[in-house]
Amino acid sequence: MRVLVLGGDGRAHALAWALDNSASVDEVVAAPGNPGIAAMGKRCIPVDANDPAAVARVAGEIAHDVVVVSAEEPLVHGVADALRTHGTLVFGPGADGARLEGSKAWMKAVLAEAGVPTARHASFTADQEDEALAFLDRLPGLYVVKTDGLAGGKGVIVTESVDEARDAVRDYLSGQAFGDAGRTCVIEEGLTGPELSLLVVCNGSTDGWPLAPAQDFKRIGEGDRGPNTGGMGAYSPVPAAGPDVVAWCRMRGHEYVGPGTAPDGVPRFEVRRLH
């Protein structure tokens, strides 16, 4: 099997490396790739990964079997849709699915409509600064301010200072901080407890295959201090999230209860069955 990895970020490099080490993959090509992928001896083809027409053209020139998209932005721009229109197999959602990542306000609206538990929140546009600041004043004390759009993992402020949160709201909505990505922002009540990331690979129906749980670190400073980043590191497996937690995440009829703490002091994720 020949695979085209679309992207030039660190994830593209990791995917290219993993695919290159797969027994079922005969060749890996990257577009646009990066020097690290090129150093692996892989062909890198210059292309704007966010341009659906350009990507479809490059994909058509390569006798590949599947395209693997490494980053959110090309998916939000509809690259996967353009490739599928040309009959190309793609690992990655279409623009409708990618909107869950590309718009935090939309994602929150979907969660609310589906009844999925999420933090208390509200979304505000550039002409609603006063309403946004008033909402901050009604929150209990840990504030989260997010850009609605993609910001390279950097569009989130988590702070206990209402003044810092207010400054962030002004900077986001004015466009000074993240341009159009921040002119709509989401304000949330901060939640505390262990963080867990569980990705599930879906085939468009009810089937899903969970990947290994991971836990990442966002703050730039030691001791979990400072502003959020795109991710300062991650580890897997997560001791607090064993097979039982993964099984619960795949099942209906359960409710999350926790986090809890075991006698050994290690955080646990606890669940109980609904009757």
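This one's a predicted model, so the numbers in the text were calculated from it and none came from an experiment.

## Quick look at unusual backbone geometry
- A cis geometry characterises the amide bond from Ala31 onward to Pro32, with omega recorded as 0°.
- Relative to the elements of secondary structure, Pro32 occurs in strand β2 (residues 27-32).

## Section: the nonpolar core
- The biggest cluster of nonpolar side chains holds 21 residues, and the ones touching the most others in it are Leu4, Leu6, Val47 and Leu83.
- Going through the elements one at a time, β1 (2-7), β2, α3 (52-61), β4 (66-69) and α5 (79-85) are the ones with two or more residues in this core.
- For this core, the element with the highest residue contribution is α3, accounting for five residues.
- Setting aside anything within four residues of it in sequence, one finds Leu6 in contact with Ala31, Val47, Ala49, Val55, Val67, Val68, Val69, Ser70, Pro74 and Val79.
- Judged by nonpolar contacts, the second largest core, of 17 residues, contains Ala122, Tyr143, Cys185 and Ile187.

## A look at the packing of aromatic side chains
- All told, the structure shown has two aromatic pairs when counted by the stated rule.
- With centroids separated by 5.8 Å and ring planes inclined at 50°, the aromatic side chains of Phe124 and Phe135 adopt a geometry described as tilted. Separated by eleven residues along the polypeptide, Phe124 in strand β6 (residues 121-125) and Phe135 in helix α8 (residues 129-137) bring together distant segments of the chain. We note that Phe124, like Phe135, is buried.
- Seen from their ring centres, Tyr172 and Phe178 are 5.4 Å apart, and the 85° between their planes marks the pair as edge-to-face.
- On the accessibility criterion, Tyr172 (3% relative accessible area) is buried.
- The ring centre of Trp106 lies 3.8 Å from the NZ or CZ of Arg99, which sits over that ring.

## Considerations on the confidence of the model for the chain
- Scored by pLDDT, the chain comes out at a mean of 85, with 89% of its residues at no less than 70.
- In this model residues 252-275 is a low-confidence stretch, pLDDT under 50, and it forms 41 contacts with partners more than four residues away in sequence or in other chains.

## With respect to the pattern of salt bridges
- Tallied over the full model, the rule gives ten salt bridges.
- Note that Glu188 and Lys108 form a salt bridge whose closest N and O atoms lie 3.3 Å from each other. One end of the pair, Glu188, is in strand β9 (residues 184-189); the other, Lys108, is in helix α7 (residues 104-114), and 80 residues separate them in sequence. Accessibility classification places Glu188 together with Lys108 in one group, the buried group.

## Looking at α8
- Listed in full, the buried residues belonging to α8 are Ala132, Leu133, Phe135 and Leu136. For α8, the angular spread of the buried residues around the axis is 155°, confining them to a single face. Among the exposed residues of α8, those oriented more than 90 degrees off its buried face are Asp130 and Asp137.
- Looking at the buried residues of α8, the elements they touch are β6, β7 (143-147), α9 (162-174) and β9.

## Observations concerning helix α1 (residues 10-20)
- When α1 is considered as a whole, its buried residues turn out to be Ala12, Ala16 and Leu19. Buried positions in α1, seen along its axis, are confined to an arc of 70° and lie on one side of it. Residues of α1 that are exposed and point more than 90 degrees away from the buried face comprise Gly10 and Trp17.
- Buried positions along α1 lie against β1, β2, α2 (35-39) and β4.

## Overview of the sheet that holds β1
- Strands sit in the order β3-β2-β1-β4-β5 across an open sheet of five strands; the sheet is parallel. Whereas interior strands pair on both sides, the edge strands pair on one side only; in this sheet they are β3 (43-44) and β5 (90-91).
- In terms of strand pairing, β4 meets β5 through two bridges, oriented parallel. Each bridged residue has a counterpart across the sheet, and for Val67 the counterpart in β5 is Val90.
- Against the sheet, α1 engages β1, β2 and β4, with an angle of about 170° to β1.

## What to know about the pairing of β2
- When β1 meets β2, the two strands line up parallel, connected through six bridges. When the bridges of β2 are listed, Leu6 appears paired with Ala31.
- Where the polypeptide runs from β1 across α1 and back to β2, its parallel neighbour, the crossover connection is right-handed.
- The pairing of β2 with β3 spans two bridges and is parallel. Among the inter-strand pairings, Val29 is bridged to a residue of β3, identified as Arg43.

Reading guide: rules and limits
All residue numbers refer to position in the chain's written sequence, counted from 1. Local features are withheld for residues below a pLDDT of 70 in this predicted model, meaning they are given only at 70 or higher, and side-chain atom pairs are given and counted only at 80 or more; totals for whole chains, interfaces and linings count all residues. Water and hydrogen atoms play no part in the side-chain values, which are based on all heavy atoms of the structure. Helix numbers and strand numbers start at the N terminus; a helix is a DSSP run of H or I with at least 4 residues, a strand a run of E with at least 2. Among buried residues, the Ala, Val, Leu, Ile, Met, Phe, Trp, Tyr and Cys ones that are joined through side-chain atoms within 4.5 Å form a nonpolar core. Throughout this description, buried means an accessible area under 20% of the type-specific maximum (1.4 Å probe, protein chains only), exposed means over 50%, and partly exposed covers the range between. Any two residues whose heavy atoms approach within 4.5 Å are treated as being in contact. Aromatic pairing here means that ring centres of Phe, Tyr or Trp (its six-membered ring) are within 6.5 Å. Orientation follows from the plane angle: under 30 degrees is stacked, over 60 is edge-to-face, and everything else is tilted. Any Lys NZ or Arg CZ that is within 6 Å of a ring centre and within 35 degrees of that ring's normal is treated as a charge sitting over the ring. Per residue, pLDDT captures the predictor's confidence, and it can take any value from 0 to 100. Think of a salt bridge as a Lys or Arg side-chain nitrogen and an Asp or Glu carboxyl oxygen that are within 4 Å of each other. Arc definition: it is the arc formed by the directions from the helix axis to the C-beta atoms. At least two bridges found by DSSP between two strands are what make those strands a pair. To obtain each axis, a line is fitted to C-alpha atoms, and for helices this fit is confined to the stretch in contact; angles are then taken between N-to-C directions over 0 to 180 degrees. We call a crossover right-handed when, viewed with the strands running away from us, the connection from the first strand over the helix to the second turns clockwise.

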